[in-house]
Amino acid sequence: MGRGRAKAKQTKVARRLKYGGAGGDLERLRRELGVDASTAQNADAPEEAQSGTDDQDGER
């Protein structure tokens, strides 16, 4: 019978994580994962912007 209280607490924590919104500290997560901030910003950019080529300058 002691399982009910522990399960309720786990459910509460899971709901807070799922529905809590964007309250997470992304910079702290990047530091923990060892991701460089400039690398992370480049990963978020669209591929066309990263390639450095302009489609309008190509051959016609």
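Residues numbered from 1 in each chain as written. Predicted model: local features only at pLDDT ≥ 70, side-chain atom pairs only at ≥ 80, totals over all residues. Heavy atoms only, no water.

**Examining the overall build of the chain**
Here is step 1: Across its full length, the chain holds four helices and zero strands.
Here is step 2: Put simply, the chain runs from its N terminus to its C terminus through helices and strands in the order α-α-α-α.
Here is step 3: The buried share among the 60 residues of the chain stands at 2%.
Here is step 4: Element-wise, carbon and sulfur atoms account for 49% of the exposed surface of the chain, whose accessible area totals about 6200 Å². (Helix = DSSP H or I, 4+ residues; strand = E, 2+ residues; numbered from the N terminus. Buried < 20%, exposed > 50% of the residue type's maximum accessible area, 1.4 Å probe, protein only. Areas by Shrake-Rupley, 256 points an atom, 1.4 Å probe, with all protein chains shown as cover.)

**Here we look at the confidence of the model for the chain**
For any part of a model where pLDDT is low, the fine detail of the predicted coordinates should not be relied upon.
Here is step 1: On average, residues of the chain carry a pLDDT of 75, and 57% of them reach 70 or more.
Here is step 2: The secondary structure element of the chain with the lowest average pLDDT is helix H4 (residues 47-51), at 59, and the one with the highest is helix H1 (residues 3-19), at 90. (pLDDT = per-residue confidence, 0-100.)

**Re the pattern of salt bridges**
Here is step 1: Applying the stated criterion across every chain, the model contains two salt bridges.
Here is step 2: Residue Glu27 pairs with Arg30 through a salt bridge whose shortest N-O separation is 2.9 Å. Taken as a pair, Glu27 and Arg30 lie in helix H2 (residues 26-33) at a separation of three residues, close to a single helical turn.
Here is step 3: The partly exposed category is assigned to Glu27, whose relative accessible area is 41%.
Here is step 4: Taking the relative accessible area as the measure of exposure, Arg30 reaches 24% and is therefore partly exposed.
Here is step 5: A salt bridge links Glu32 to Arg28; the shortest N-O distance between them is 3.2 Å. Residue Glu32 and its partner Arg28 are both found in helix H2; the two are separated by four residues, about one turn of the helix. (Salt bridge = Lys/Arg side-chain N within 4 Å of Asp/Glu carboxyl O.)

**What to know about H1**
Here is step 1: Taking 1.5 Å of rise per residue, 17 residues should cover 24 Å, and H1 covers 24 Å from first to last C-alpha, within 8% of that figure.
Here is step 2: Along H1, only zero of the 17 residues are buried, which leaves the element largely exposed.
Here is step 3: Once H1 ends, the next one or two residues include Gly21, with phi positive near 90°. (Expected span 1.5 Å × (residues − 1).)

**Thoughts on a nonpolar patch on the surface**
Here is step 1: Where nonpolar side chains cluster on the molecular surface, the patch consists of Leu26, Leu29, Leu33 and Val35 and spans about 380 Å² of accessible area.
Here is step 2: Structurally, Leu29 can be placed in helix H2.
Here is step 3: On the accessibility criterion, Leu29 (42% relative accessible area) is partly exposed. (Patch = residues over 30% accessible without salt bridge, like charges linked within 9 Å, V, L, I, M, F, W, Y side chains within 5 Å.)

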